[in-house]
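Summary of the model geometry
Chain by chain, the residues run as shown.
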Amino acid sequence: MPTAGDEPWLDDAAGRLVRPFTVSNGRTRPTIALDLMSQVMATGVTPLGYLGPEHTQALDLCPGPVPVAEVAAHLKLPAVVTKVLLSDLVDCGALAAKPPAYRHIPTDRSLLEAVLDGLRRQL
C-alpha cells in the first residue's frame, strides 16, 4: 500500500517537482533493450531491496502485457527514463519483457510504384 511519501511530488503551477532523470538516478541507458512497443508484464515476484515510488507505479500498471510507451504515458515520464525503470524491474525479476511482434509483410512493387507516381504528380 503506497504511503503519502510514495506519490510523485506535484505542484499545480510547476508540475512535477522531481526531475525525470532524478527518478532513474541519472541513468540514461536501460540494462536491457526495450522498444517502445515491447510488452512488459508483472511476474508476481516481489522485488528485493528498495525501489522508488515510480518503480512501484510502473509495476502496478503491468498486471497484463502493456507496451513500454503506454507505461511512459501513464507515468508522465520520458520514454528513456521509463525504459530504465522497467529494466530495473526486469533485472530483479518483477517484470518480464517481450520484444514487439513485428510481422514481415512483403511489399508489392506495383503499390510502391503507384505511390511514387502519385508523389511525383504532387510535385
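Up top is the structure these notes are about.
Here the residue numbers are simple positions, counted from 1 along each chain's written sequence. Thresholds applied to this predicted model are a pLDDT of at least 70 for local features of residues and 80 or more for the giving and counting of side-chain atom pairs; totals over whole chains, interfaces and linings are not thresholded and use all residues. Where side-chain values are given, they derive from all heavy atoms of the structure, hydrogens and water being excluded.

**Looking at the packing of helix α3 (residues 68-75) against helix α4 (residues 79-91)**
Axes here refer to lines fitted to C-alpha atoms; in helices the fit is confined to the stretch in contact. Angles between the N-to-C directions go from 0 to 180 degrees. Numbered from the N terminus, helices here are DSSP runs of H or I no shorter than four residues, and strands are runs of E no shorter than two. The geometry of α3 relative to α4 is characterised by a closest axis approach of 9 Å and an angle of 105° between their N-to-C directions. When the axis of α3 is compared with that of α4, the two are roughly perpendicular. Listed contacts from α4 to Val68, Val71, Ala72 and Leu75 of α3 are Ala79, Thr82, Lys83, Leu85 and Leu86. Taken together, the residues of the contact of α3 with α4 break down into seven nonpolar, one polar and one charged. Here is the rule for angles: anything less than 35 degrees is roughly parallel, anything more than 145 is roughly antiparallel, 65 through 115 is roughly perpendicular, and the remaining ranges are oblique. Throughout, a residue-residue contact means that at least one pair of heavy atoms, one from each residue, lies within 4.5 Å. Basically, the charged four are Asp, Glu, Lys and Arg, the nonpolar ten are Ala, Val, Leu, Ile, Met, Phe, Trp, Tyr, Cys and Pro, and anything else, Gly included, counts as polar.

**Some words on the environment of Gln39**
Secondary-structure assignment places Gln39 in strand β3 (residues 39-42). Taking the C-alpha atoms as reference, Gln39 lies 5.4 Å from Pro65; in sequence the two are 26 residues apart. The contact partners of Gln39, leaving out residues within four places of it in the chain, are Pro65, Val66, Pro67, Ala96, Ala97 and Lys98.

**Some words on the nonpolar core**
Working definition of a nonpolar core: buried Ala, Val, Leu, Ile, Met, Phe, Trp, Tyr and Cys residues. They are joined through side-chain atoms within 4.5 Å. Here's how the labels work: a residue is buried when its accessible area is under 20% of the maximum for its type, exposed when over 50%, partly exposed in between, all with a 1.4 Å probe on protein chains only. Within the largest apolar cluster, 15 residues are counted, with the highest numbers of intra-cluster contacts made by Val40, Ala58, Val71, Leu75, Leu86, Leu89 and Leu95. No other element matches the four residues that α4 contributes to this core. Once residues within four sequence positions are removed from consideration, Leu86 is found in contact with Leu34, Val40, Ala58, Val68, Val71 and Leu95.

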